[in-house]
Amino acid sequence: MARIIKIFDTTLRDGEQCPGASLNPEEKLEIARQLAKLNVDAIEAGFAIASQGDFDAIKTIAQQIKGPSICSLARTKKEDITRAWEAVKYSDKPRIHTFIATSPIHMEKKLKMTPDHVYKQAVEMVKYARSLCPDVEFSPEDAGRSDPDFLYKIIAGAIEAGAQTINVPDTVGYTTPWEFGKLIENIIQNVPQIKEKNITISVHVHNDLGLAVANSLAAVLAGANQVECTINGIGERAGNASLEEVVMNLKTRRDFFNCETTVNTKEIYKTSRLVSNLTGMLVQANKSIVGANAFAHEAGIHQHGVLQDRRTYEIMQPEDIGLTESKIVLGKHSGRHALQKKLEDLGYKLDKDALEKAYHRFLEVADKKKDVSERDLEIIVAEEIYVVPEDYTVDKIAVKSGTHDKPTAKVQLIHKGKKIKALATGAGPVDAVYKAIDQLTKVNANLLDYSIQAITGGTDALGEVTVRIKDKDHIYVGHGADTDIIVASAKAYLAAINRLLYANTELSSLPSQDTTLQP
Ligand SMILES: [Zn+2]
């Protein structure tokens, strides 16, 4: 019988720690909802004590998302654990994940604590967490570089104190699959309580050397039964083990691993797109499973083989991850009902207002582009739904550029019902438009990056622009899609600015997250 491997998703906690991936509470809830559809076993929704924003996001997710356990991270400190409990207690399945570093370098340099003191604090705080919450997970941070004997001792202590899940992190992504598998095997052998009490052994691996998925799978073979991972592998530095890769390895090579997960793999592609859209962290084209080229067969000999029998060159089916051919589905004569029906088929349930907005956007696109594909619809929905209140919207744009002209942009925006306009020149047409927008919005943010992708084939394709802007310590993402890339560029930039303005009104009083002390 296949062993069940639990999938613990930490996209909203560790994933959100990666530079530039900051999400607002609505976006976090949207991702959590999709993770529940993906049917992960646990969602680590944040680090409650880090900020009021994190706390509120965890609490809302705990209140609204049914299915997975909802978890908050906490240091082995009373105030952290209390705060974590205050946020997760609304869930049917609340969990507190508490951690303390156990490697000599972390204990000595970071914590300035002796091993005995670390042990005592871990045991005490696991007990405290259990006094509040029925489900407690304990992590010895930097386990990969800890003294094995101390590790066995502190794990045994945490289990005796009531932890039901022991997570073994390779916080710095240093170990190899052979070492990490051995470490897990040794832990299971040397801590008899694990078998006696049927404890879940979890792993949490970083990808600094590109081994996060390999290390996680080595741990599974050695007896681990929970893997912590993130969508698209986002996370601190080089990221975490990628959920889609771990899950599809176990599924595709079930013959080898003899393990399965309860993840609904058909939701993988959609989840990956959602996380990429909301965080602005684009997925590289050749990324395993979810990259744009992951199922594309370029070479003629491969294409021929696939046409005869897909198994010649395909070890997985694109349908397994919910990737269907982007079919042309609607045209400009399609009505509201047809749009609503199609969106529902694609898994989007819009309320009346959102549907109305999406319909208008759809008509605009259909007007310029004969056929509207599923992929186009996804972009439309993403644009219309995952937006914050729009302080500024694009009304009119005209640009003049070419090999001999100084690029000039005339931009008219709508702000609080009024039309405002500006004229600017720049190094190129996009630069000129952005300068005009800066004049109008008076926002002095720093443009970190700008990227453009064609959504579907053909020169009339929708171009999707993603920008990331920085203001103080925060990064804001904006997307814009249009058949005209200058218009798409303006929309993306304004979307990011609207987010910045929204964040400054909603969250201005919040302290920023301390990210230096997490596994
Ligand atoms: Zn981590």
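Refer to the structure presented above.
All values reported here derive from a predicted model rather than from experimental measurement.

Trainee: Looking at this structure, how should I read the overall build of the protein chain?
Mentor: When helices and strands are counted, the protein chain shows 18 helices and 18 strands. Taking 24 Å as the expected radius of gyration for a compact globule of 519 residues, we find that the protein chain reaches 25 Å, a close match to that expectation. Across its three principal axes, the protein chain shows a C-alpha extent of roughly 75 × 60 × 45 Å. A total of 519 residues make up the protein chain; the buried ones form 55% of that total. Seen as two clouds, the 64 positive and the 70 negative side-chain charges of the protein chain have centres 3 Å apart.

Trainee: Honestly, the sheet that holds strand β13 (residues 392-400) in this entry has me stumped. Any pointers?
Mentor: Pairing between the strands of a sheet is mediated by backbone hydrogen bonds and can be parallel or antiparallel. In space, the 3 strands of this open sheet follow the order β13-β14-β15, with antiparallel pairing throughout. For this open sheet the edge positions go to β13 and β15 (418-425), each flanked by a neighbour on one side alone. In this sheet, neighbouring strand axes are inclined to one another by 15° on average, regardless of whether the strands run parallel or antiparallel. Contacting β13, β14 (408-415) and β15, helix α17 (residues 429-441) crosses the sheet at an angle of about 135° to β15.

Trainee: Where do I start with the sheet that holds strand β17 (residues 463-471) in this structure?
Mentor: Spatially, the 3 strands line up as an open sheet ordered β16-β17-β18, and their pairing is antiparallel. Bordering the open sheet on either side are β16 (446-454) and β18 (474-482), each of which pairs with just one other strand. Geometrically, the sheet is characterised by an average inter-axis angle of 15° between neighbouring strands, direction not taken into account. Contacts between helix α12 (residues 268-279) and the sheet are confined to β17 and β18, with β18 contributing the most and set at about 115° to the helix.

Trainee: It is not clear to me how unusual backbone geometry should be interpreted in this structure. Could you clarify?
Mentor: Residues apart from glycine generally show negative phi values, whereas peptide bonds are mostly found in trans. Phi is positive for I289, close to 70°, though the residue is something other than glycine. Structurally, I289 can be placed in the loop between α12 and α13 (300-308). Residue classification places I289 among the buried positions, given a relative accessible area of 8%.

Trainee: How should I be thinking about the nonpolar core in this particular structure?
Mentor: Side chains that are nonpolar tend, in soluble globular proteins, to be buried together. Core analysis: the largest hydrophobic core is formed by 94 residues, its most contacted members being I43, I96, F138, I155, I166, I184 and I187. The biggest single contributor to this core is helix α6 (residues 148-160), with 8 residues. With near-sequence residues (within four places) excluded, I187 lies in contact with L151, Y152, I155, V168 and I194. If you look at the next biggest cluster of nonpolar residues, it comprises 28 residues, including Y434, A445, I486 and L494.

Trainee: Got a minute to help me understand the side chain of E267 in this structure?
Mentor: Structurally, E267 is set in the loop between β10 (259-260) and α12. There is no salt bridge for the buried E267, and the closest opposite charge comes from K270, which lies 4.2 Å off by N-O distance. Within the local environment of E267, its side chain forms a polar contact with the side chain of Q34, the two groups lying 2.9 Å apart. Once you skip the residues sitting within four places of it in the chain, E267 turns out to touch Q34, K37, L38 and I321.

Trainee: How do you make sense of the state of the cysteines when you look at a structure like this?
Mentor: As used in these notes, a disulfide is a covalent bond between sulfur atoms, one from each of two cysteines. All chains considered together, the criterion is met by 0 disulfides. You can see C133 has no disulfide; the closest cysteine sulfur is in C71, sitting 8.3 Å from it. For C133, a relative accessible area of 1% gives the class buried.

Trainee: Explain the packing of helix α7 (residues 177-190) against helix α9 (residues 212-221) to me, please; I cannot follow it from the model alone.
Mentor: Where α7 contacts α9, the two axes come as close as 8 Å, and the packing angle between them is 35°. α9 is crossed by α7, and the crossing has right-handed handedness. When α7 is examined against α9, the residues P177, F180, G181 and I184 are found in contact with a partner set consisting of A214, N215, A218 and A219.

Trainee: Hey, could you run me through the pattern of salt bridges in this one?
Mentor: Charged atoms that come close allow side chains of opposite charge to pair. Summed over all chains, the structure comprises 31 salt bridges. For R33, the salt bridge goes to E30, with nearest N and O atoms at 3.7 Å. In this pair, R33 and E30 both sit in helix α1 (residues 25-38), 3 residues apart, roughly one turn of the helix. Its relative accessible area of 36% is what places R33 among the partly exposed residues. By relative accessible area, which is 22% here, E30 ends up partly exposed. Here E356 and R336 are joined by a salt bridge, their closest N and O atoms 2.8 Å apart. A residue pair is termed long-range when its members are at least 10 positions apart, and E356 in helix α15 (residues 352-368) and R336 in helix α14 (residues 336-345) qualify at 20 residues.

Trainee: Would you explain α9 in this entry?
Mentor: In an α-helix, one full turn covers 3.6 residues, which means residues spaced three or four apart are oriented alike. Most of α9 is tucked away: 8 of the 10 residues are buried. Within α9, the full set of buried residues consists of A212, V213, N215, S216, L217, A218, A219 and V220. Directly beyond the C-terminal end of α9, a positive phi value near 120° is found at G223.

Trainee: It is not clear to me how the packing of α1 against helix α2 (residues 52-64) should be interpreted in this structure. Could you clarify?
Mentor: Orientation of α1 relative to α2, taken along the N-to-C sense of each, is 35°, at an axis distance of 9 Å. Crossing angle aside, the handedness with which α1 passes α2 is right-handed. Facing P25, K28, L29, A32 and R33 of α1, the residues of α2 in contact are D54, A57, T60, I61 and Q64. Here the contact of α1 with α2 is built from residues that sort into 5 nonpolar, 2 polar and 3 charged.

Trainee: I would appreciate a short explanation of the pairing of strand β9 (residues 226-229) in the present structure.
Mentor: One face of the sheet, then the other: side chains in a regular strand alternate in exactly this way. Taking every second residue as pointing to the same face, both faces of β9 are buried, with Q226 and E228 on one and V227 and C229 on the other. Inspection of the sheet shows strand β2 (residues 6-9) paired to β9 by 4 bridges, in the parallel sense. Opposite F8, over in β9, you have E228 as the bridge partner. In this sheet, β9 lies alongside strand β8 (residues 200-205) in parallel orientation, the contact comprising 3 bridges. Opposite S202, over in β9, you have Q226 as the bridge partner.

Trainee: Sorry if this is basic, but what is going on with the packing of aromatic side chains here?
Mentor: In this description, an aromatic ring pair is defined by two values, namely the gap between the centres and the angle between the planes. All chains considered together, the criterion is met by 5 aromatic pairs. On the numbers, 6.5 Å between centres and 65° between planes, the contact of Y434 with Y450 is edge-to-face. You can see Y434 sitting in helix α17 and its partner Y450 sitting in strand β16, a full 16 residues away along the chain. For Y434, a relative accessible area of 5% translates into the label buried. Residue class for Y450 comes out partly exposed when judged on its relative accessible area of 30%. Note on Y434 and Y493: the rings are 4.0 Å apart at their centroids and 5° apart in plane angle, and the pair reads as stacked. With a gap of 59 residues between them, Y434 in helix α17 and Y493 in helix α18 (residues 485-506) connect regions that are remote in the sequence. When sorted by exposure, Y434 lands in the same class as Y493, which is buried. Counting every residue linked through ring pairs, the aromatic cluster contains Y434, Y450 and Y493. Over the ring of Y128 we find K78, and its NZ or CZ is 5.0 Å from the ring centre. Directly above the aromatic system of F55 lies the positively charged group of R83, at a separation of 3.8 Å from the ring centroid.

Conventions used here
Residues numbered from 1 in each chain as written. Predicted model: local features only at pLDDT ≥ 70, side-chain atom pairs only at ≥ 80, totals over all residues. Heavy atoms only, no water. Helix = DSSP H or I, 4+ residues; strand = E, 2+ residues; numbered from the N terminus. Rg over C-alpha atoms; globule rule 2.2 N^0.38 Å. Buried < 20%, exposed > 50% of the residue type's maximum accessible area, 1.4 Å probe, protein only. Lys, Arg positive; Asp, Glu negative; His and termini not counted. Charge placed at Lys NZ, Arg CZ, Asp CG, Glu CD. Pairing = 2+ DSSP bridges. Axes fitted to C-alpha atoms, helices over the stretch in contact; angles between N-to-C directions. Contact = heavy atoms within 4.5 Å. Core = buried A, V, L, I, M, F, W, Y, C linked by side-chain atoms within 4.5 Å. Salt bridge = Lys/Arg side-chain N within 4 Å of Asp/Glu carboxyl O. Polar contact = N/O pair within 3.5 Å; in protein donor to acceptor, adjacent residues only side chain to side chain. Disulfide = S-S within 2.5 Å. Left-handed = near helix turned anticlockwise from the far one by under 90°. Nonpolar A, V, L, I, M, F, W, Y, C, P; charged D, E, K, R; others polar. Phe/Tyr/Trp six-rings, centres within 6.5 Å; stacked < 30°, edge-to-face > 60°. Lys NZ or Arg CZ within 6 Å of the ring centre and 35° of its normal.

Remember, this is a structural readout, not a statement about activity or role.
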